[in-house]
Amino acid sequence: MEKKVVLSGMRPTGKLHVGHYFGVLVNWMDLQEREDTDCFYFVADWHALTTEYDSTSSLKSNVREMVLDWLACGIDPEKVTLFVQSWVKEHAELHLLLSMITPLPWLERNPTYKEQLREQETRDLYTYGFLGYPVLQAADIIIYRANLVPVGIDQVPHVELTREIARRFNHFYGDVFPLPEPYLTETPKLLGTDNRKMSKSYGNAIFLSDEDDQVRKKVMEMVTDPQRKTRRDPGDPDVCNVFSFHKIFSPPELISRVNRECRSAEIGCVECKKLMAENLLSFISPIRERRKEIESRSGIVEKILEEGSEKARSVARNTMEKVREAVGI
Ligand code: TRP
Ligand code: SF4
């Protein structure tokens, strides 16, 4: 059976939150379990440098924290290849070659580029590396001759650009690369405790490694239906993020009870949150405990990443031989 090559990466942002779990990791795990796939998952530490080039002191520990979360969630190094981007130098060589053939306008009109320049006002992002972010991402993907790229919807333009770059390479030098496709699945939208997008930098995230009492406290602070000002006002669960959490973490009877009793003001937000927090905890606590257990085995993360990077390197090296031959260099 011809297996599909799956490749995906995450920037090392440190500890992961429940948004990451349902946004990306669920897909990673589904693909890891499929018989017809060969999965490569990596830490995009060079990509972190495209924006955080001036503050690198926690970069290494962020790599470790994130991989610990992957493992605690059930990403299995026996089934997939886990590695660090900067440990496989071939990505950099392919990035350089791709940079020669990538037209500047393709990069300048990339929606995430324009958006980040607008949003990250405090940081100077008028750098060569930041403009080239998608070129490096294209190299990450095609160096494994990947077919499927499981990512969040925000990354789709980057996968599209990867296809364009791969097509241009094939056009100039011959058919070396398959054209990869984004792999999206419906993911429930979990907002942060303040109803903005869940993000570490907003301070509104519930982490997979949070202790029980931290989780309870964060849940009690969650924003609810703003129309429901007092206990006697009926609420609308459809506009309440606490209810979105119930839909993921609570059993069906409780979901329908909340759906009913919120509208008739029979249940108060405090009780509703307490019930949700306990169900959320039965999801988080085992992950957190597994994380501690893995963390106590010293050197395990490093060993997994070294072995994975070695495997990734041999695939990447093989592709680079074909690439150099095709380019004629
Ligand atoms: N840009 C991705 C993100 O911000 C991370 C990433 C880098 C990536 N290289 C990749 C994702 C290759 C998929 C494939 O999340
Ligand atoms: Fe939200 Fe629950 Fe309060 Fe309804 S009762 S507004 S679902 S927290």
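Keep in mind the model is a prediction, meaning the values are calculated, not measured.

(A) Representation of helix α8 (residues 133-142). For α8, the tally of buried residues reaches 10 of 10 residues, placing the bulk of the element in the interior. For α8, the complete set of buried residues consists of Tyr 133, Pro 134, Val 135, Leu 136, Gln 137, Ala 138, Ala 139, Asp 140, Ile 141 and Ile 142.

(B) Broad picture of the site of ligand 2. Close contacts around ligand 2 come from Thr 224, Asp 225, Arg 228, Cys 240, Val 242, Phe 243, Val 258, Cys 262, Cys 269 and Cys 272, and that covers them all. Applying the majority rule of atoms within 2 Å of the grid points places ligand 2 in the largest cavity. Broken down by secondary-structure element, the contributors of at least two residues to the shell around ligand 2 are α11 (241-249), α12 (252-263) and α13 (269-296). Classifying every residue of the shell around ligand 2 by side-chain character gives seven nonpolar, one polar and two charged.

(C) Highlighting the pairing of strand β2 (residues 37-43). The buried fraction of β2 is high, at six of seven residues. As defined by bridge partners, strand β1 (residues 4-10) adjoins β2 across seven bridges and the pair is classed as parallel. If you follow Val 6 over to β2, its bridge partner there is Cys 39. Strand direction decides the pairing type here: β2 and strand β3 (residues 81-84), joined by four bridges, are parallel. Looking across to β3, one finds that Phe 42 is bridged to Phe 83.

(D) Focus on the environment of Asp 194. Mapped onto the elements of the fold, Asp 194 is located in the loop between β5 (181-183) and α10 (212-220). In this structure, the C-alpha to C-alpha distance between Asp 194 and Met 29, residues 165 residues apart in sequence, is 29 Å. In this structure Asp 194 touches Asn 204 and Val 223, once residues within four positions along its chain are discounted. Of note is the side chain of Asp 194, whose polar atom sits 3.0 Å from the backbone nitrogen of Arg 196.

(E) Region of the structure containing the site of ligand 1. Around ligand 1 lies a shell of 14 residues, among which Arg 11, Tyr 133, Gln 137, Asp 140 and Gln 155 are the nearest. Take Gln 137: an N or O atom from its side chain is 2.9 Å from a nitrogen atom of ligand 1. A distance of 2.8 Å separates a nitrogen atom of ligand 1 from a polar atom in the side chain of Asp 140. With the chains in place, 93% of the 370 Å² that ligand 1 exposes on its own is no longer accessible. When contributions to the shell around ligand 1 are tallied by element, the ones reaching two or more residues are β1 and α8. With four residues, the top contributor of residues to the shell around ligand 1 is α8.

(F) Examining empty space enclosed by the protein more closely. For the structure shown, the criterion picks out one cavity of 30 Å³ or more. Of the voids in this model, the largest cavity is the one considered here, and its volume is about 110 Å³. Forming the boundary of the largest cavity are Thr 224, Asp 225, Arg 228, Pro 237, Cys 240, Val 242, Phe 243, Val 258, Cys 262, Cys 269, Cys 272 and Lys 273. Counting residues per element, the ones that place at least two in the lining of the largest cavity are α11, α12 and α13. Looking at which element gives the most residues to the lining of the largest cavity, the answer is α13, with three residues.

(G) Region of the structure containing helix α14 (residues 300-327). Spanning 28 residues, α14 covers 40 Å between terminal C-alpha atoms, matching the ideal 40 Å at 1.5 Å per step. For α14, the secondary structure elements touched by its buried residues are β2, α3 (59-73), β3, α4 (90-101), α8 and α9 (156-173). Just beyond α14, the residue with positive phi is Gly 328, at close to 85 degrees.

What counts and how
Residues numbered from 1 in each chain as written. Chains lettered and ligands numbered in written order. Predicted model: local features only at pLDDT ≥ 70, side-chain atom pairs only at ≥ 80, totals over all residues. Heavy atoms only, no water. Buried < 20%, exposed > 50% of the residue type's maximum accessible area, 1.4 Å probe, protein only. Helix = DSSP H or I, 4+ residues; strand = E, 2+ residues; numbered from the N terminus. Near = heavy atom within 4 Å. 1 Å grid on protein atoms, 1.4 Å probe; cavity = no way out; pocket = protein on both sides within 12 Å on 5 of 7 lines; lining within 4 Å. Sits in = over half its atoms within 2 Å of the grid points. Nonpolar A, V, L, I, M, F, W, Y, C, P; charged D, E, K, R; others polar. Pairing = 2+ DSSP bridges. Contact = heavy atoms within 4.5 Å. Polar contact = N/O pair within 3.5 Å; in protein donor to acceptor, adjacent residues only side chain to side chain. Areas by Shrake-Rupley, 256 points an atom, 1.4 Å probe, with all protein chains shown as cover. Points joined across faces, edges and corners; volume = space filled by probe spheres on them. Expected span 1.5 Å × (residues − 1).

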